[in-house]
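# Tertiary structure, described
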Amino acid sequence: MTVAATIRIQEPDFDVAQEIAALSKGRTDVGAVVSFSGICRGSEQGEPIAALTLEHYPGMAEAEISRHADEALARWPLQGLTIIHRFGRIAPGENIVLVVTASAHRQAAFEAAEFLMDYLKTNAPFWKREESARGTSWIEARDHDDAAAARWTKS
Amino acid sequence: MKLKYFAWVRERIGKTEEIVEPPAEVRTVGELIGWLAARDDAYAYAFEKPTVIRAAIDHAHVKQDAAIVGAREIAFFPPMTGG
């Protein structure tokens, strides 16, 4: 069976429970569902923030996430895959990103979800800007995110 | 070719996109960055640290030694911070 990933780049919020349920509903071949939700924190580097604004590159964001979804589907025996990434202004406590993987067994679901998040962090064309009492500033990329993505590269 | 700018690269240049026709000797992404940086202070500021700048040709990440011949759309942006 060919598994097609569901990929959505959207401004509105999404319902995590509903997205998780959708991958296993009415099926008996799925034995494991792993989900990762990225949520907007109320502080950045110890400073309170009012909101994040995510800018993205329309067209490339879809293309880049699709490429990594295809790679995950080729590397792990997944029965289902959903990736949602929001853009626009996001308040503390709101969802930013969701990855849900479904597989017969847990290891594939765990690994594929972690692989996808590591690549979304460093390769998906999104940029976060924080709003705080001191004004707005772009959040800088972190070296440890690059290191996390690099460990999935086949040698 | 069309150029697109994102995040602080866009803010420093003051445009989201533009059409440019670089001279024939500008062959790679890195050379295009150098050509743009020489235009005025805004571009020079955006590209002041060329090694930090990431680029994509027609929606795919490329390195700065990538050839620009045949490109329809080239984008410049800072390292990504999504997820």
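In short, a report on the structure. (Residues numbered from 1 in each chain as written. Chains lettered and ligands numbered in written order. Predicted model: local features only at pLDDT ≥ 70, side-chain atom pairs only at ≥ 80, totals over all residues.)

Let's shift gears to helix 2 (residues 29-37) of chain B. Residue and element names in this part refer to chain B. Among the residues making up helix 2, those that are buried are Val29, Leu32, Ile33 and Leu36. Buried residues in helix 2, looked at end-on, bunch into an arc of 105°, giving them a common side. Of the surrounding secondary structure, the elements contacted by the buried residues of helix 2 are helix 3 (41-46), strand 3 (54-57), strand 4 (60-62) and strand 5 (73-77). (Buried ≥ 20, exposed ≤ 12 C-beta atoms within 10 Å, placed from the backbone. Helix = DSSP H or I, 4+ residues; strand = E, 2+ residues; numbered from the N terminus. Arc of directions from axis to C-beta. Contact = placed C-beta atoms within 7 Å.)

Further remarks concern the sheet that holds strand 5 of chain B. Residues and elements named next belong to chain B. An order of 2-1-5-3-4 is seen for the five strands of this open sheet, with the pairing classed as mixed. Edge positions in the sheet fall to strand 2 (17-19) and strand 4, since each of these pairs with one other strand and no more. Going from strand to strand, the sheet's axes swing by 25° on average, the running direction of each strand aside. (Pairing = 2+ DSSP bridges. Axes fitted to C-alpha atoms, helices over the stretch in contact; angles between N-to-C directions.)

What follows deals with the packing of helix 2 (residues 60-75) of chain A against helix 3 (residues 106-123) of chain A. Residues and elements named next belong to chain A. Two elements in contact, helix 2 and helix 3, have axes separated by 10 Å at closest approach and are oriented at 155°. In this view, helix 2 runs roughly antiparallel relative to helix 3, as classed from their interaxial angle. Like other packed secondary-structure pairs, helix 2 and helix 3 cross with a definite hand, here right-handed. Counting all contacts with helix 2, which are made through Glu64, Ile65, His68 and Ala72, the residues of helix 3 involved are Ala112, Phe115, Leu116, Tyr119, Leu120 and Asn123. Each residue belonging to the contact of helix 2 with helix 3 can be placed in one class, and the counts come to seven nonpolar, two polar and one charged. (Parallel < 35°, antiparallel > 145°, perpendicular 65-115°, else oblique. Left-handed = near helix turned anticlockwise from the far one by under 90°. Nonpolar A, V, L, I, M, F, W, Y, C, P; charged D, E, K, R; others polar.)

Here the focus is the packing of helix 3 of chain A against helix 4 (residues 143-150) of chain A. All names here are of chain A. Two numbers describe how helix 3 lies on helix 4: the axes approach to 8 Å, and their chain directions differ by 135°. Comparing their axes, helix 4 and helix 3 come out oblique. Our pair here, helix 3 against helix 4, has a crossing hand that is left-handed. Counted together, Asp118, Tyr119, Lys121 and Thr122 of helix 3 and Asp145, Asp146, Ala148 and Ala149 of helix 4 form the full contact between these two elements. A breakdown of the residues in the contact of helix 3 with helix 4 according to their chemical character gives three nonpolar, one polar and four charged.

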